[in-house]
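What follows is each chain in one-letter form.
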Amino acid sequence: MRKNRVFGVAMSGLLATAAFGAAPVAAQDVTLDLWNFGAMGLEELITQYEAEHGIKVNIVQRGYDEHHEALLTSLMAGEVPDIAAVEVGYNSLFKATPQVFTDLRQFGAEALEPTYLDWRWAQGVATDGTIIGIPTDVGGIAMCFRTDLFEAAGLPTDPDEVSALWPDWDAFIETGKTFTAANTGAKFIDSAGGSVYNLVKNQGTEKYYAPNDPDTLIYETNPQNLKAWATAVAAIEAGLSANISQFSPEWNAGMANGDFAVLGCPAWMMNYIQGQAPDTAGKWNIASAPEKGGNWGGTQLTVPAASDNAQAAYDLIAWLLTPERQLEVFKLHGNFPSTPELYDTPEIQDFTSEFFSGAPVGKIFAESAKALHPVYEGPRERAIDREFGNGLGRIEAGLETADEAWASTLANVLLALQN
Amino acid sequence: MATTSTPGGAAPRTSLWGRLDERIGGYAYIAPFFIVFGLFGLIPILFTAWVSLHQWGALSDPTFVSFDNYARLLADPRFWNAAFNTLSIWVISTVPQLILALFLAHVLNETLLRGKGIFRMAMLVPNITSVLAVGIVFSSIFGRDYGLMNFLLESLGLNRVDWQASQPSSHVAISTMVMWRWTGYNTLILLAAMQAIPRDLYEVAAMDGAGRLRQFFTVTVPQLRNTIIFVTIVSTIGGMQIFTEPLVFGGTQQAITGGAARQYQTLALFLYEQGFRNFQFGYASTIAWVLFIVILGFSVVNLLLTRRIARD
């Protein structure tokens, strides 16, 4: 009797488990986890998609490095989100193991290729041909500046005249000195790393690695990197930098309070300014960057291989990143589309931003996006980049001279690359 | 029971269950602790030791490298820097903290003080506040441009300090967080010990003409020796592992390296950086083991000291 009862309990438990496991999942019950970083401007569209398709999307947003670190950890552990952003600085690191991502060719993603800029598309394709992600925006570079502070310093405020002030980076530094001499109480730029070094570095054809060669490091000799460093050092030594690290709370506060007059502006930076400093509407305008050209950033949306909802995740990505939706994101937030068919349309060409004093942002960033060219970023791109940023930070904080910082940075890069 | 049984007699035979209970019952009762400790304490420690002998990167398989990671660590300037920072923050936070706790405990022990219960409870509030919240509040207090501390310094006619920028200033700021959090806790432990000191010692001292200050130094402090050592051990173990305070203090992407010059990167942050930023699990495990050995060393020294003092 007793034995039977125990057996019965065990059986019913098994049956319950089996029934639970076999319960059909209704389409409405799909919940997608989406991990991203920073300001991508996709929230409104995702809300719209949820309403139209009866699914739920959990967005988890982290800091830039934290996001990629958490993603890597989750890929190793197998507890993954359904959709994950991968930024170009981390691209090569992730692409080295394409098997941890769903090959989007199984959903026919290759048909989307002609829609996007060639080099942006290529950033989502691994060497074995696996398509791991679809491109979001492009970060063509311009300069955002505060018209009120420029006026206070006796500088022109018309974007064309401002662009004419700094045809090259030396002229930019000179303009900064003029601005500083006027004693407005604000600094010229937020940080030498963010608004000078990164921009100059991103204007080159090579960064830290030789093109498409994950084994050859050229940061020590690449003239563009040397120039980026030297220009940033010149900006620090001229006292132009407010020395605030980007994406920190102080940076947000400084942006809102007008502690700096110029901010290097890849298109997505407009999203940050409008989000962090909404009260500064109408006080900004946009000029072209010294020496023009250059791209900073760019993200692919990927589907980790261990996702249970790969199809649903892909459907959402493909829907989110069509030209018309990228256009919508651009108009709302500033992140510029990676789909060239839009660039010459009146929607882009005639689009002006009220927040940026009516600047023709569509025309500005379309111009810059057309001029972009692919730049290879290697597997440890971000680790090297952080050391150069820290090196400049040590000069800004007065802890090291420029020469000392260059030497210590090279030593630190070697330590960081050690395996 | 055994005495009542006679050979060949009808002794009360304990059941199989009863005999099992006698033999292994005790182990069963203490098993939960050991199982939990094994799962969450011992196995990870041993696994970490195994990992520390391997090179193991992100999304790849471990390869055995023997003690290479240990050799590399001892030659790594970042390790020595982190070790110095940890020690420095520990000293700057522990020494003033214990002096302050001793003083506060003494005040709370005074018979004259009213509302003792409230004060004693208030002492623990910082300790039960989330360390993350403490960190966020303190890092805005020590903010360079909009921080309260710089506002105060300026209104006193002093210069602003960029707290995060240099080694000494960042260590002071971080130590302040640690002190704010742990002083009350240590005060209560010292207070409990103070209350256990026999009153007649003070009476004798008073009869010998010792003033209050003299009584404090010749009666209270020596009587508290063991407790002070206990408190020191506990704060050593905590201090060696300090992590959240410097992490939150840094606030941004620079926090994990402890600033641009690693000026406030502690050992635990260095471990985290190698493990979860650079994804070098072997190397990170090596740091963990070295940290473990250092803490073990400190604890043994402390234990020997306590024993010797107890014997005196």
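Engineer: I tried to follow the side chain of T302(A) on my own but got confused; where do I start?
Structural biologist: All names here are of chain A. Among the secondary structure elements, T302 is positioned in strand 9 (residues 299-302). Judged by relative accessible area, which is 0%, T302 ranks as buried. Those residues in contact with T302 that sit more than four places away from it in its chain are D82, I83, A84, V86, F101, I132, G133 and I317.

Engineer: Looking at this structure, I do not really get unusual backbone geometry. What am I missing?
Structural biologist: With the exception of glycine, the majority of residues adopt a negative phi angle, and the majority of peptide bonds are in the trans configuration. With phi around 55 degrees, N183(A) is a residue other than glycine that occupies positive phi space. Of note, N183(A) is situated in the loop between helix 8 (169-181) and strand 6 (187-189).

Engineer: What is the right way to read the pattern of salt bridges from this model?
Structural biologist: Proximity of charged atoms lets side chains of opposite charge pair with each other. According to the stated counting rule, one finds 18 salt bridges over all chains in the structure shown. In this structure, D385(A) and K201(A) form a salt bridge, with 2.9 Å as the shortest nitrogen-oxygen distance. A residue pair is termed long-range when its members are at least 10 positions apart, and D385(A) in helix 17 (residues 381-396) and K201(A) in helix 9 (residues 192-202) qualify at 184 residues. Comparing D385(A) with K201(A), the two get one shared label, buried. In this structure, K370(A) and D344(A) form a salt bridge, with 2.9 Å as the shortest nitrogen-oxygen distance. Taken together, the positions of K370(A) in helix 16 (residues 361-370) and D344(A) in the loop between helix 14 (323-333) and helix 15 (346-349) put the pair 26 residues apart, joining distant regions of the chain. Here the salt bridges do not stand alone but share partners, grouping D65(A), E69(A), K201(A), R382(A), D385(A), R386(A) and R277(B) into one network.

Engineer: How do you make sense of the domain arrangement of chain A when you look at a structure like this?
Structural biologist: Residues and elements named next belong to chain A. Taken domain by domain, chain A holds domain 1 (27-138 + 298-342) and domain 2 (141-294 + 358-417). Taking only C-alpha atoms, the centre of domain 1 and the centre of domain 2 are 27 Å apart. Each partner contributes residues to the interface: domain 1 has 21 residues there, and domain 2 has 22 residues. Contact between domain 1 and domain 2 buries roughly 1700 Å² in total, counting both sides, with carbon and sulfur atoms accounting for 58%. When the buried surface of domain 1 facing domain 2 is broken down by residue, S92, W119 and F336 rank first, second and third, together holding 29% of it. Viewed at the interface, domain 2 and domain 1 are joined by two salt bridges. Notably, a salt bridge pairs R386 with D65, separated by 3.1 Å at the nearest N-O pair. Where domain 1 packs against domain 2, one counts eight residue pairs in polar contact (both at pLDDT 80 or more).

Engineer: I keep staring at a nonpolar patch on the surface and nothing clicks. Help me out?
Structural biologist: All names here are of chain B. Residues L16, W17, L20, I24, Y27, Y29, I30, F33, F34, F37, L42 and L46 make up a contiguous nonpolar surface patch of about 1400 Å² in total accessible area. Its location among the elements puts Y29 in helix 1 (residues 16-51). Exposure remark for Y29: the relative accessible area of 68% places this residue in the exposed category.

Engineer: How do you make sense of the domain arrangement of chain B when you look at a structure like this?
Structural biologist: Accessible area lost upon the coming together of the parts serves often as the stated size of an interface. Residues and elements named next belong to chain B. Segmentation of chain B into domains returns domain 1 (16-51) and domain 2 (73-311). Taken together, the two surfaces of domain 1 and domain 2 that pack against each other cover about 390 Å², and 79% of this comes from carbon and sulfur. Summed over the shared surface of domain 1 and domain 2, the result is zero salt bridges. Connecting domain 1 to domain 2 are one residue pair in polar contact (both at pLDDT 80 or more).

Engineer: Help me understand the packing of helix 3 (residues 64-77) of chain A against helix 4 (residues 88-95) of chain A, please; the structure alone is not making it clear to me.
Structural biologist: Packed helices, taken two at a time, are described by their axes: the angle between them and the distance between them. All names here are of chain A. In the contact formed by helix 3 and helix 4, the axes pass within 11 Å of each other and the chain directions differ by 15 degrees. Put simply, helix 3 runs roughly parallel to helix 4. In terms of crossing hand, the pair formed by helix 3 and helix 4 is right-handed. Side by side, helix 3 and helix 4 meet where Y64, D65, H68, E69, L71, L72 and L75 of the first sit next to G89, Y90, L93 and F94 of the second. Classifying every residue of the contact of helix 3 with helix 4 gives seven nonpolar, two polar and two charged.

Engineer: Can you walk me through the environment of Q418(A) in this structure?
Structural biologist: In this structure, Q418(A) sits in the segment after helix 18 (402-417). Overall, Q418(A) belongs to the partly exposed group, its relative accessible area being 32%. Once residues within four sequence positions are removed from consideration, Q418(A) is found in contact with R72(B) and Q280(B). Side-chain polar atoms of Q418(A) contact the side chain of R72(B), separated by 2.6 Å.

Engineer: Please explain the pairing of strand 5 (residues 141-146) of chain A as it appears in this structure.
Structural biologist: Two faces make up the sheet, and in a regular strand the side chains alternate between them. Residues and elements named next belong to chain A. The buried fraction of strand 5 is high, at six of six residues. Judged by which residues are buried, strand 5 turns out to be covered on both faces: I141, M143 and F145 on one side and A142, C144 and R146 on the other are all buried. Bridge analysis of strand 5 against strand 7 (residues 260-266) gives five bridges, and the strand direction is antiparallel. By the bridge assignment, F145 is partnered in strand 7 with V262. Note that strand 5 and strand 8 (residues 284-288) share five bridges and pair antiparallel. Note that in strand 8 the partner of M143 across the bridge is A287.

Conventions used here
Residues numbered from 1 in each chain as written. Chains lettered and ligands numbered in written order. Predicted model: local features only at pLDDT ≥ 70, side-chain atom pairs only at ≥ 80, totals over all residues. Heavy atoms only, no water. Helix = DSSP H or I, 4+ residues; strand = E, 2+ residues; numbered from the N terminus. Buried < 20%, exposed > 50% of the residue type's maximum accessible area, 1.4 Å probe, protein only. Contact = heavy atoms within 4.5 Å. Salt bridge = Lys/Arg side-chain N within 4 Å of Asp/Glu carboxyl O. Domains from an automatic or database assignment. Buried area = accessible area lost by both parts, 1.4 Å probe. Polar contact = N/O pair within 3.5 Å; in protein donor to acceptor, adjacent residues only side chain to side chain. Patch = residues over 30% accessible without salt bridge, like charges linked within 9 Å, V, L, I, M, F, W, Y side chains within 5 Å. Areas by Shrake-Rupley, 256 points an atom, 1.4 Å probe, with all protein chains shown as cover. Axes fitted to C-alpha atoms, helices over the stretch in contact; angles between N-to-C directions. Parallel < 35°, antiparallel > 145°, perpendicular 65-115°, else oblique. Left-handed = near helix turned anticlockwise from the far one by under 90°. Nonpolar A, V, L, I, M, F, W, Y, C, P; charged D, E, K, R; others polar. Pairing = 2+ DSSP bridges.

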